Amino acid sequence: MGERSTEGETSCRGWIAEEEKEEGGQLRFHLDDVVKFGVMNHQFRAGFVDFFFSRGQSSALRDEYYGGLLAGGFDDGGFCLSRNQSAMLRKPSPYKPSTYLVKMLRRYEDRHRRCGPHTASYNKTTEFLKSRGAAARAAEMECKYDPFSLVHLPLRCPHRQGPPDRPGEGLLQPHVRALPGTTWLLPRDFPISNMRSFGLGDALSYGSLLRNKRIRNDVVDRPVSGPPPPPFVYLHLVGDYSLQDTFFFCDQDQLALREVPWLLVRSDNYFVPALFLNSIFEPELRFMFHEKEAVFHHLCRYLFHPTNKVWGMVTSYYQTYLAAATERVGIQIRVFDKGEAPFEVVLKQVINCTLQEKLLPWVDQKGAVSEADRRKTKAVLITSLYSGYLEGIQNMYLEHPAAGGMLVSFHQPSHEERQVKDKEDHDMKAWAEMNLLGFADVLITSAQSTFGYIGQALGGVKPWILFRPEKAAVPEPACVRDISMEPCFHSVPHYVCREKKNGDNSKLVPYVTHCKDAPWGIKLVDQAV
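Residues numbered from 1 in each chain as written. Predicted model: local features only at pLDDT ≥ 70, side-chain atom pairs only at ≥ 80, totals over all residues. Heavy atoms only, no water.

By the naming in an unreviewed UniProt entry, the protein chain is Fucosyltransferase, taken from Spirodela intermedia. Check the Function (unreviewed entry) section of the UniProt entry for the protein chain; it says "May be involved in cell wall biosynthesis." A UniProt comment under Subcellular location (unreviewed entry) is attached to the protein chain, and it reads "Golgi apparatus, Golgi stack membrane". (UniProt positions renumbered as here; feature names shortened; annotations may be inferred.)

A. Structural detail: the overall build of the protein chain. Looking only at helices and strands, one finds 16 helices and 14 strands in the protein chain. Out of the 529 residues in the protein chain, the part that is buried amounts to 58%. If you take every contact in the protein chain between residues at least 6 apart in sequence, the share linking residues at least 24 apart comes to 74%. Approximately 22,800 Å² of the protein chain is accessible, and the part contributed by carbon and sulfur atoms is 51%. (Helix = DSSP H or I, 4+ residues; strand = E, 2+ residues; numbered from the N terminus. Buried < 20%, exposed > 50% of the residue type's maximum accessible area, 1.4 Å probe, protein only. Contact = heavy atoms within 4.5 Å. Areas by Shrake-Rupley, 256 points an atom, 1.4 Å probe, with all protein chains shown as cover.)

B. Spatial organisation of empty space enclosed by the protein. All chains considered together, the criterion is met by 6 cavities of 30 Å³ or more. Roughly 90 Å³ of internal volume is contained in the largest cavity. What lines the largest cavity is simply Thr246, Phe249, Ala274, Leu277, Pro493, Tyr495, Cys497, Arg498, Asn505 and Leu508. In terms of residue class, the lining of the largest cavity is built from 7 nonpolar, 2 polar and 1 charged. (1 Å grid on protein atoms, 1.4 Å probe; cavity = no way out; pocket = protein on both sides within 12 Å on 5 of 7 lines; lining within 4 Å. Points joined across faces, edges and corners; volume = space filled by probe spheres on them. Nonpolar A, V, L, I, M, F, W, Y, C, P; charged D, E, K, R; others polar.)

C. Representation of the state of the cysteines in the model. Tallied over the entire structure, the rule returns 3 disulfides. With its sulfur 2.0 Å from that of its partner, Cys250 forms a disulfide with Cys497. Since a negative S-S torsion denotes a left-handed disulfide, the Cys250-Cys497 link at about -70° is left-handed. Of this pair, Cys250 sits in the loop between α7 (243-246) and α8 (251-257) while Cys497 sits in the loop between β11 (495-496) and β12 (501-502), and the two are 247 residues apart along the sequence. Among the residues examined, Cys250 registers a relative accessible area of 6% and is labelled buried. (Disulfide = S-S within 2.5 Å.)

D. Region of interest: the packing of helix α12 (residues 308-322) against helix α15 (residues 424-437). Viewed as axis vectors pointing N to C, α12 and α15 meet at an angle of 45°, and their least axial separation amounts to 9 Å. By the criterion of interaxial angle, the relationship of α12 to α15 is oblique. For the element pair α12 and α15, the recorded crossing hand is right-handed. For the pair α12 and α15, the contacting residues are Lys309, Val310, Trp311, Met313, Val314, Tyr317, Tyr318 and Leu322 in the first and Met428, Lys429, Trp431, Ala432, Asn435 and Leu436 in the second. Across the contact of α12 with α15, the residue classes tally to 11 nonpolar, 1 polar and 2 charged. (Axes fitted to C-alpha atoms, helices over the stretch in contact; angles between N-to-C directions. Parallel < 35°, antiparallel > 145°, perpendicular 65-115°, else oblique. Left-handed = near helix turned anticlockwise from the far one by under 90°.)

E. Here's a closer look at unusual backbone geometry. A cis amide bond links Glu476 to the next residue, Pro477, at an omega of 0°. Positionally, Pro477 belongs in the loop between β9 (464-466) and β10 (479-481). A positive phi angle, close to 60°, is found at Ala472, a residue other than glycine. Take Ala472: it is sitting in the loop between β9 and β10. Here Ala472 falls in the partly exposed class, since its relative accessible area comes to 37%.

F. Representation of the packing of helix α11 (residues 295-303) against helix α16 (residues 450-459) in the model. The contact between α11 and α16 brings their axes to 8 Å, and the two run at 85°. With respect to their mutual orientation, α11 and α16 come out roughly perpendicular. Judged by residue contacts, Phe296, His297, Cys300 and Arg301 of α11 engage Tyr453, Ile454, Ala457, Leu458 and Gly459 from α16. Tallied by class, residues from the contact of α11 with α16 come to 6 nonpolar, 2 polar and 1 charged.

G. Representation of α11 within the structure. Within α11, 9 of the 9 residues are buried, which leaves the element mostly enclosed by the surrounding structure. Looking at α11, one finds that the buried residues are Val295, Phe296, His297, His298, Leu299, Cys300, Arg301, Tyr302 and Leu303. Turning to α11, the residues buried within the fold contact α3 (99-115), α9 (272-275), α16 and β14 (522-524).

H. The pattern of salt bridges, seen in detail. Scanning all chains against the criterion turns up 6 salt bridges. With a shortest N-O distance of 2.9 Å, Arg106 and Glu109 are connected by a salt bridge. Placement of the pair is Arg106 and Glu109 together in helix α3, with a separation of 3 residues, close to one helical turn. The class for Arg106 is partly exposed, based on a relative accessible area of 25%. Across the salt bridge formed by Glu282 and Arg286, the nearest N and O atoms sit 2.7 Å from each other. Highlighted residues: Glu282 and Arg286, both in helix α10 (residues 282-288), separated by 4 residues, approximately one helical turn. A relative accessible area of 12% places Glu282 in the buried class. (Salt bridge = Lys/Arg side-chain N within 4 Å of Asp/Glu carboxyl O.)

Here is the structure:
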């Protein structure tokens, strides 16, 4: 996706297709429609979004670039509508990026343009890969590389099981490039083509190189001993990693890895909290992110820009069902084990959570539906593989109105019934629904779910967490408010670098603590909890 495609042209597909009648005569659009039909070109949609936004907020108050996160003055000719329009639809964030973060992003973008594919620096370093010979010392090189995944944002897109053949291609498939004038995608002639072959225990993995003493991490002034470093090192940062692989997070090991021009990274974890435990990274990260719980929030808004096709799905659904509501509630339901969490149990848990925490109004048993006050509206967006949850929750309000005269509407863009991997339309729907969750004023998410993590980060909302049921019993309490909107790092190393022994990595700094949804994991917070 690094090259310009037809997605930004007038053939860009919209949503409006089959018109299904719901009870009451309401038109209903499905996410399925976008992959079958197209009626709205990007110029029309751009004008529609701009007009819709301008009705409620003057142009002087718009923050089109998220407080400087995005570089201004970048005209891509309509290739990436979401980059220019998302800030106009999302509510303003209470978390402002630091001036230092903005400065470093511009510096990174400039370096990336100088080091991107087929630049002089890129061509020089790929020669080492072609020959598979020893690399020159890092001091001799302007650019070093972390391909294979976004090491700057190590949280993979859901439904992508394993790495693609082309580094970054699977992760970026539903997105357009975030960097003006360049791309993260490596060219198809990149010298290493067998990306899928790397895994735990690979001879070129950092853990194996340490065990075989091809890299030394115990010498401060000369971390690489013997011959020059290899041209690349594979970093296996997946949940099954070995003790030596986890040394990646330690100070001395970062000194060793600085000598290597190419790092190939595979990860299925959001490991940013561990970077804050590294004394080399921590001072810089602290200056970049004054509010620790907003790290992923800023990174998501900087990096994640849906393609025009996906953005058309998002804006059409938002404007049709959600935009006019007084309040928007997002409910994200992920069932990991149907035996432990049968449908009836999860449905009751969701209802208990919404009512007990007053996220949805109680039902007025004495009133009639016609008594609802249409000036007070609450739109509930449900994302799930299954349609039954929407029907079960909605049924509460069919015969009697919500207490206080609130008019509550329920919406579910899709229900695939089962998760499918490596299927483009399935991935597009998932990515569209994550973005829709980002419009919610209140969020309820399933514990340990990447889907929910991304939705809450895009919206800048601290969610209510639905605990995973056990033994087919409704959890009590049904949900709890999370301590921050940061994702949880699930596969935390047992090894504590600073102490050089196994221990608890949640007790080293005041802004890293254990997670509520995965107590063994760690996450960033603004203060000790």
